[in-house]
Amino acid sequence: MTIGIYPDVILAQDLSPDKGFGTDIDDDCHAINNATKGWGANKSKTMEALATKDGADRWKMAIRYPDLYDTSLSDLMQKEFKGDFGKAMVMLAMPLDEAECYMLKSAFK
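Residues numbered from 1 in each chain as written. Predicted model: local features only at pLDDT ≥ 70, side-chain atom pairs only at ≥ 80, totals over all residues. Heavy atoms only, no water.

## Re the packing of helix α6 (residues 83–92) against helix α7 (residues 96–108)
Closest axis-to-axis distance for the α6/α7 pair is 8 Å, and the angle between their directions is 145 degrees. Within the contact between the two elements, α6 uses Lys-87, Val-90 and Met-91 and α7 uses Ala-99, Tyr-102 and Met-103. Classifying every residue of the contact of α6 with α7 by side-chain character gives five nonpolar, no polar and one charged. (Axes fitted to C-alpha atoms, helices over the stretch in contact; angles between N-to-C directions. Helix = DSSP H or I, 4+ residues; strand = E, 2+ residues; numbered from the N terminus. Contact = heavy atoms within 4.5 Å. Nonpolar A, V, L, I, M, F, W, Y, C, P; charged D, E, K, R; others polar.)

## Focus on helix α4 (residues 55–69)
In an α-helix there are 3.6 residues to a turn, and that puts residues three or four apart on one side. Look at α4: 21 Å from first C-alpha to last across 15 residues, which is about the 21 Å you get at 1.5 Å a residue. Its maximal kink placed at Ile-63, α4 deviates by approximately 30 degrees, while the proline Pro-66 follows within four residues. Turning to α4, its buried residues are Gly-55, Ala-56, Arg-58, Trp-59, Lys-60, Met-61, Ala-62, Arg-64 and Tyr-65. Taken from the residues just after α4, Asp-70 is the one with a positive phi, measuring 55 degrees. (Expected span 1.5 Å × (residues − 1). Bend = angle between axes of the 7 residues up to and from the residue. Buried < 20%, exposed > 50% of the residue type's maximum accessible area, 1.4 Å probe, protein only.)

## Some words on the environment of Ala-88
You can see Ala-88 is positioned in helix α6. Sequence separation between Ala-88 and Met-77 is eleven residues; the distance between their C-alpha atoms is 9.2 Å.

## Digging into the packing of helix α3 (residues 43–50) against α6
Two quantities define a packed helix pair, namely the angle between the helix axes and the distance between the axes. Contact geometry for α3 and α6: axes closest at 11 Å, N-to-C directions at 30 degrees. Like other packed secondary-structure pairs, α3 and α6 cross with a definite hand, here left-handed. Note on element contacts: α6 touches α3 through Phe-85, Met-89 and Leu-92, opposite Lys-43, Thr-46, Met-47 and Leu-50. Tallied by class, the residues present in the contact of α3 with α6 amount to five nonpolar, one polar and one charged. (Left-handed = near helix turned anticlockwise from the far one by under 90°.)

## Thoughts on the side chain of Thr-36
Mapped onto the secondary structure, Thr-36 falls in the loop between α2 (22–35) and α3. Here Ile-32 takes part through its backbone oxygen, which lies 2.9 Å from a polar atom of the side chain of Thr-36. Here Thr-36 is in contact with Ala-41, Thr-46, Leu-76, Met-77 and Glu-80, once residues within four sequence places are set aside. (Polar contact = N/O pair within 3.5 Å; in protein donor to acceptor, adjacent residues only side chain to side chain.)

Structural data, given as C-alpha cells:
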C-alpha cells in the first residue's frame, strides 16, 4: 500500500492553461514579483501570494515563475529574506520534492 502525499497535478506535471495552472498562478507570480521589486520586499504581500496557497499551487508557481521572470522563485526568496523566515520562504517557493530534499540536506549538516 502506498500513501499519496503529492497532489495529482504534481504527478501529472500538467501545466497547460486549460488543465494545469490557468491565470491564477500567473497572477500570484506577478504579485510576488511586484512585492519584491526595488529595494527591500513587501513581506506581507509576498506571504499572501505564496504562503497562503496549497502545495499544488506552490508547485505550479515554482515551475511557472522562471518562465515569466528568468529566475527561480526559491532563489528570489533566498535573496529577499534572511534568517529562519527566509528559510521557510525558500522552502515554500520550491517544488515539494525539492523542499523535502532541502530539509533533509539541512538536517544532515
